[in-house]
Number of protein chains: 2
Amino acid sequence: MRNHPKIPILKLYNCLLISIQWELDDQTALHFQEDLLNKIHETGANGVVIDLTSVDMIDSFIAKVLGDVITMSKLMGAKVVLTGIQPAVAVTLIELGISLEEIQTALDLEQGLETLKRELGE
Amino acid sequence: MRNHPKIPILKLYNCLLISIQWELDDQTALHFQEDLLNKIHETGANGVVIDLTSVDMIDSFIAKVLGDVITMSKLMGAKVVLTGIQPAVAVTLIELGISLEEIQTALDLEQGLETLKRELGE
């Protein structure tokens, strides 16, 4: 167990749930990227919900890490749904050219899970 | 949004999910207690799953905070299920007289949720 605070990744059925509830520093974001990919590998999860409800804004580095982790997860075979994107976060993502067209979004965690279930044909 | 890292509390349907994945310091544990009770109040959740799978051991202070938060949640009308208790954690809880008889436990998050559903008669 690392003492450095990290973002908990919860496994529920075949999905991973992540709720980001504090402002990420660069190091935590990179750890999160690594942890999530490892967890997808370990658990064989085929869906990921990242909830950003409590995130007011993100900087360009965090937005890039987030965009990357979504692409990487897809490569590994896991669909990612982002939930609870606030206006300022949406603006940052778009301004940085992180194409939300490819990213599934939903209102909250419940609906994120429902979206995944539908997408994964369950 | 507080900058101090706090333990994310996820709301899923009428339950709150918490996964503790790093060693808690006293301050974080107390914040967690406060956050959880507030969240129960805000959301009207009637079930809570606290997953301790990644916790190797706990000290007496954290054990007491955990015992307290379970009792307090009950007072507020929310059932608590602890999941993934490791041997050393079980020993600490028992040695401190935190009566596990009153505490529902389960193997993992899925089973914790199932236990709650059963208990809450859904």
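Residues numbered from 1 in each chain as written. Chains lettered and ligands numbered in written order. Predicted model: local features only at pLDDT ≥ 70, side-chain atom pairs only at ≥ 80, totals over all residues. Heavy atoms only, no water.

Caption draft 1: Highlighting the pairing of strand E3 (residues 47-51) of chain B. Residues and elements named next belong to chain B. With five of five residues buried, E3 lies mostly within the body of the structure. Side chains Gly47, Val49 and Asp51 of E3 all project onto a buried face; the interleaved residues Val48 and Ile50 project onto the opposite face, where all are buried too. Sheet analysis places strand E2 (residues 15-19) next to E3, joined by five bridges and oriented parallel. The partner of Cys15 across the bridge, within E3, is Gly47. With helix H1 (residues 26-43) bridging E2 and its parallel neighbour E3, the resulting β-α-β unit is right-handed. As paired elements, E3 and strand E4 (residues 79-83) share five bridges and run parallel to each other. Each residue of the ladder has a partner; that of Gly47, found in E4, is Lys79. As a crossover connection, the stretch from E3 through helix H2 (residues 60-75) into E4 is right-handed. (Buried < 20%, exposed > 50% of the residue type's maximum accessible area, 1.4 Å probe, protein only. Helix = DSSP H or I, 4+ residues; strand = E, 2+ residues; numbered from the N terminus. Pairing = 2+ DSSP bridges. Right-handed = clockwise from strand over helix to strand, strands pointing away.)

Caption draft 2: Quick peek at the nonpolar core. Ranked by internal contacts, the top residues of the largest apolar core, which has 62 residues, are Ile18, Leu36 and Ile50 of chain A together with Ile18, Leu36 and Ile50 of chain B. Core analysis: the second largest hydrophobic core is formed by 20 residues, Leu12, Ala106 and Leu113 of chain A together with Leu113 of chain B among them. (Core = buried A, V, L, I, M, F, W, Y, C linked by side-chain atoms within 4.5 Å.)

Caption draft 3: Just the packing of helix H1 (residues 26-43) of chain A against helix H2 (residues 60-75) of chain A, in detail. All names here are of chain A. It is the contact of H1 with H2, at a shortest axis distance of 10 Å, that shows an interaxial angle of 5 degrees. Accordingly, the angle class assigned to the pair H1 and H2 is roughly parallel. Taking contact as the criterion, the partners of Asp26, Ala29, Leu30, Phe32, Gln33, Leu36, Leu37 and Ile40 in H1 are, on H2, Phe61, Ile62, Val65, Asp68, Val69, Met72 and Ser73. Residues of the contact of H1 with H2, tallied by class, amount to 11 nonpolar, two polar and two charged. (Axes fitted to C-alpha atoms, helices over the stretch in contact; angles between N-to-C directions. Parallel < 35°, antiparallel > 145°, perpendicular 65-115°, else oblique. Contact = heavy atoms within 4.5 Å. Nonpolar A, V, L, I, M, F, W, Y, C, P; charged D, E, K, R; others polar.)

Caption draft 4: Inspection of helix H3 (residues 87-95) of chain A at higher detail. Residue and element names in this part refer to chain A. Among all positions of H3, only Val89, Thr92 and Leu93 are buried. Buried residues of H3, viewed axially, fall in a sector of 100 degrees; they line one side. In H3, the exposed positions that point more than 90 degrees away from the buried face belong to Pro87, Ile94 and Glu95. In the core, the buried residues of H3 are packed alongside H2. Of the residues one or two after H3, Gly97 is the one with positive phi, at around 75 degrees. (Arc of directions from axis to C-beta.)

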